[in-house]
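Tertiary structure, described
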Amino acid sequence: LTQKVTADKYDGVNIDFEFVPPADRAALNSFMEGLYRRLSPRFRVTISVPAKLSDDPDHPFSGAFDYRTLARFSDQLYILAYDEHFSVPGPIASIEFVRNVLEYAKTVIPPHKIKLGMAVYGYDWEVSQGMPRSLTYREAIELAQKHNATIVYDETAQEPTFTYTANGNRHIVWFEDVRSFSAKLDLVFEYNLAGIAVWRLGQEDPRIWIVIRNRLKYL
């Protein structure tokens with residue numbers, strides 16, 4: 001990594017290790033400490049971490065990610081505050097979920113080291129199947145139009161949703177649009193965070209770029 005960022009003149013490196021076993025928690029901390037000591041301050045060192053509401057070292061998905069220690073050995077943490085629902089239908093990232101993630105994060109990570117990971121995609125669940133199909137914003141809108149479905153903005157979740165039936169099977173769709181994006185962006189300012197990270201380019205409601213230009217002028 002040192003050779004790569006030096007040779008290609010990058011600003012730094014982002015570590016995005018996912019599905020790390022909880023048993024590797026100490027090893028991940030050790031890796032980040034070594035990387036940080038090697039690259040900082042010449043290069044920026046950041047890490048993407050799963051959303052969590054508390055520190056449970058045994059959690060199968062997030063247990064390996066020790067926010068407090070990783071904050072010591074990273075310039076910034078990108079908290080991936082999405083995929084609130086996956087195996088069952090529900091919001092991609094309800095406003096309450098994101099707020100609760102940040103409420104915990106701020107207790108162990110300085111706000112200037114937090115970037116809020118924001119989703120710009122959607123999921124289509126066939127209710128009888130369980131796991132969803134991923135959708136871009138455009139695909140979600142076209143799907144609703146194809147099935148004459150009414151898109152409803154859920155005020156509690158602060159996210160749009162609709163249902164439709166195809167081949168006798170009921171589907172539930174949740175997705176992100178400019179309104180839901182803006183609602184979560186409010187939390188960036190409320191918690192005085194460093195900024196945002198978005199997953200992923202090309203999937204978004206194009207109107208979010210107007211919001212970004214108007215509200216995140218420092219980017």
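Structure: above.
Along every chain, residues carry numbers that run from 1 in the direction the sequence is written. Totals for whole chains, interfaces and linings use every residue, but because this is a predicted model, local features are given only for residues with pLDDT of at least 70 and side-chain atom pairs only at 80 or more, for both listing and counting. As a convention, hydrogens and water are excluded, and side-chain values are obtained from all of the structure's heavy atoms.

A closer look at the overall build of the protein
Assigned secondary structure in the protein consists of seven helices and 10 strands. Relative to the globule expectation of 17 Å for 219 residues, the C-alpha radius of gyration of the protein, 19 Å, shows essentially globular dimensions. Reported as C-alpha extents along the three principal axes, the dimensions of the protein are approximately 55 × 40 × 35 Å. The 219 residues of the protein split such that 50% are buried. The contacts of the protein with a sequence gap of at least 6 include a subset with a gap of at least 24, amounting to 67%. Where accessible areas are quoted, they stem from the Shrake-Rupley method and a 1.4 Å probe; at the residue level, only the protein chains shown are allowed to cover. Carbon and sulfur atoms make up 51% of the accessible area of the protein, which amounts to about 11400 Å² in all. In summary, the charge assignment counts Lys and Arg as positive and Asp and Glu as negative, without counting His or the chain termini. A charged residue contributes its charge at one atom only: NZ of Lys, CZ of Arg, CG of Asp or CD of Glu. Charge centroids of the protein, computed over 25 positive and 28 negative side chains, lie 8 Å from each other. Counting from the N terminus, the helices are the DSSP runs of H or I reaching at least four residues and the strands are the DSSP runs of E reaching at least two. Both definitions apply: the radius of gyration is a C-alpha atom measure, and the globule rule equals 2.2 Å times residues to the power 0.38. Per-residue accessibility, obtained with a 1.4 Å probe over protein chains only, is compared with the maximum for each type, and a residue is labelled buried under 20%, exposed over 50%, and partly exposed between these values. The contact definition used throughout considers only heavy atoms, calling two residues in contact when any of these lie within 4.5 Å.

Here's the deal with helix α2 (residues 25-39)
Each helix should span, by expectation, one fewer than its residue count multiplied by 1.5 Å. Look at α2: 21 Å from first C-alpha to last across 15 residues, which is about the 21 Å you get at 1.5 Å a residue. Those residues of α2 not exposed but buried are Arg25, Leu28, Asn29, Met32, Leu35, Tyr36 and Leu39. Angularly, the buried residues of α2 cover 130° about the axis, an arc narrow enough to put them on a single face. Structural note: α2 exposes Ala26, Arg37 and Arg38 on the side pointing more than 90 degrees away from its buried face. Arc definition: directions from the helix axis to the C-beta atoms.

Overview of the sheet that holds strand β10 (residues 195-199)
By the convention used here, strands pair only if DSSP detects at least 2 bridges between them. Read from one edge of the open sheet, five strands run β1-β2-β3-β4-β10, paired in parallel fashion. If you trace the sheet from one side to the other, it starts and ends with β1 (12-15) and β10, each paired once. When the angles between neighbouring strand axes are averaged without regard to direction, this sheet yields 25°. Each axis is a line fitted through C-alpha atoms, and for a helix only the stretch in contact is used; angles between axes span 0 to 180 degrees, taken between their N-to-C directions.

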